[in-house]
Amino acid sequence: MIGASLLAGALLVSGATMADAQTKPTLGPYGYGAVKLGMTVEQAMATGEVVKKTPGDGGCSGWDLKKSPTSKDSTGIYISPKLGVAAIFAAKGMTTPEGIKIGSTTEQLKAAYRHIKKDIHGYYVITVPGNKKAYYSFGVAHSKVAEYGIALNNQDCFN
């Protein structure tokens, strides 16, 4: 499941051109497209790029990017009433500024993020290059990135 389970616990995509990299939004260092970490619910809604998925009932609410809806049991974005957009999870086709995407190999991941470490839950985590207030978490299966996301260091939506 992409979402809370993922965070609980330099290479361009082959064949991509510089023009491709400039026209396609990346996941990081501050968010994805117009949706930025720390935005309030109102600011995120004003982008026109998000749709509410689950109510917060006083806590964090779940959202999806309109262009990248998640499955019934997943959430693409968590918005905290205190911190705003607290986490954004990658959909297929999204890349980090360093070119990592779902399907990248562990070797590509380690080459792009030389100081990446495995946490106690088995996820690869690293401070987002260019944004010390956020971290990436990558789930790897069969030596390939299976899921990943970006979150505020102090996010309060999940463990």
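Every value quoted in this text rests on a predicted model; they were computed, and no experiment measured them. (Residues numbered from 1 in each chain as written. Predicted model: local features only at pLDDT ≥ 70, side-chain atom pairs only at ≥ 80, totals over all residues. Heavy atoms only, no water.)

Trainee: Before we move on, could you go through the packing of aromatic side chains and cite the residues and values that matter?
Mentor: For the structure on display, the rule yields seven aromatic pairs. Here the aromatic rings of tyrosine 136 and phenylalanine 138 are separated by 5.6 Å at their centres, their planes lie at 50°, and the arrangement is tilted. As far as burial versus exposure is concerned, tyrosine 136 and phenylalanine 138 are alike and both buried. Feature note: the residues Tyr113, Tyr136, Phe138 and Tyr148 constitute an aromatic cluster, connected by ring pairs. (Phe/Tyr/Trp six-rings, centres within 6.5 Å; stacked < 30°, edge-to-face > 60°. Buried < 20%, exposed > 50% of the residue type's maximum accessible area, 1.4 Å probe, protein only.)

Trainee: An account of the layout of surface pockets is requested, with residue identities and associated values reported.
Mentor: As a volume, the second largest pocket reaches approximately 160 Å³. The wall of the second largest pocket is formed by Pro25, Tyr32, Gly48, Glu49, Leu65, Lys66, Lys67, Ser68, Lys92, Gly93 and Met94. Residues of the lining of the second largest pocket, tallied by class, amount to four nonpolar, three polar and four charged. (1 Å grid on protein atoms, 1.4 Å probe; cavity = no way out; pocket = protein on both sides within 12 Å on 5 of 7 lines; lining within 4 Å. Points joined across faces, edges and corners; volume = space filled by probe spheres on them. Nonpolar A, V, L, I, M, F, W, Y, C, P; charged D, E, K, R; others polar.)

Trainee: Go over the pairing of strand S6 (residues 84–89), please, and point to the residues and values.
Mentor: By the criterion of burial, S6 is predominantly enclosed, with six of the six residues buried. When strand S5 (residues 77–80) meets S6, the two strands line up antiparallel, connected through four bridges. Considered in S6, the bridge of isoleucine 77 is made with isoleucine 88. Of the pairings in the sheet, the one linking S6 to strand S10 (residues 144–152) comprises three bridges and is antiparallel in character. In the sheet register, isoleucine 88 faces S10, and the bridge partner there is isoleucine 150. (Helix = DSSP H or I, 4+ residues; strand = E, 2+ residues; numbered from the N terminus. Pairing = 2+ DSSP bridges.)

Trainee: Help me get a handle on the pattern of salt bridges, residues and values and all.
Mentor: Applying the stated criterion across every chain, the model contains one salt bridge. Here aspartate 64 makes a salt bridge to lysine 53, at a shortest N to O gap of 3.3 Å. One end of the pair, aspartate 64, is in strand S4 (residues 61–65); the other, lysine 53, is in strand S3 (residues 50–54), and eleven residues separate them in sequence. Classification of aspartate 64 as buried rests on a relative accessible area of 3%. Overall, lysine 53 belongs to the partly exposed group, its relative accessible area being 28%. (Salt bridge = Lys/Arg side-chain N within 4 Å of Asp/Glu carboxyl O.)

Trainee: Report on the sheet that holds strand S8 (residues 124–128), specifying residues and quantitative values.
Mentor: Judged by pairing direction, the sheet is antiparallel, and its eight strands sit side by side in the order S3-S4-S5-S6-S10-S9-S8-S7 without closing on themselves. Because the sheet does not close on itself, it has two edges, and the strands there are S3 and strand S7 (117–118). In this structure, strand S9 (residues 131–141) lies alongside S10, joined through eight bridges in antiparallel fashion. In the sheet register, phenylalanine 138 faces S10, and the bridge partner there is tyrosine 148.

Trainee: Go over the pairing of S4, please, and point to the residues and values.
Mentor: In terms of residue burial, S4 counts as a mostly covered element, since five of its five residues are buried. Of the two faces of S4, both are covered, the one formed by Ser61, Trp63 and Leu65 as well as the one formed by Gly62 and Asp64. Here four bridges tie S3 to S4, and the two strands are oriented antiparallel to one another. When the sheet's bridge partners are listed, lysine 52 is paired in S4 with tryptophan 63. As paired elements, S4 and S5 share three bridges and run antiparallel to each other. Across the sheet, glycine 62 pairs through a bridge with tyrosine 78, a residue of S5.

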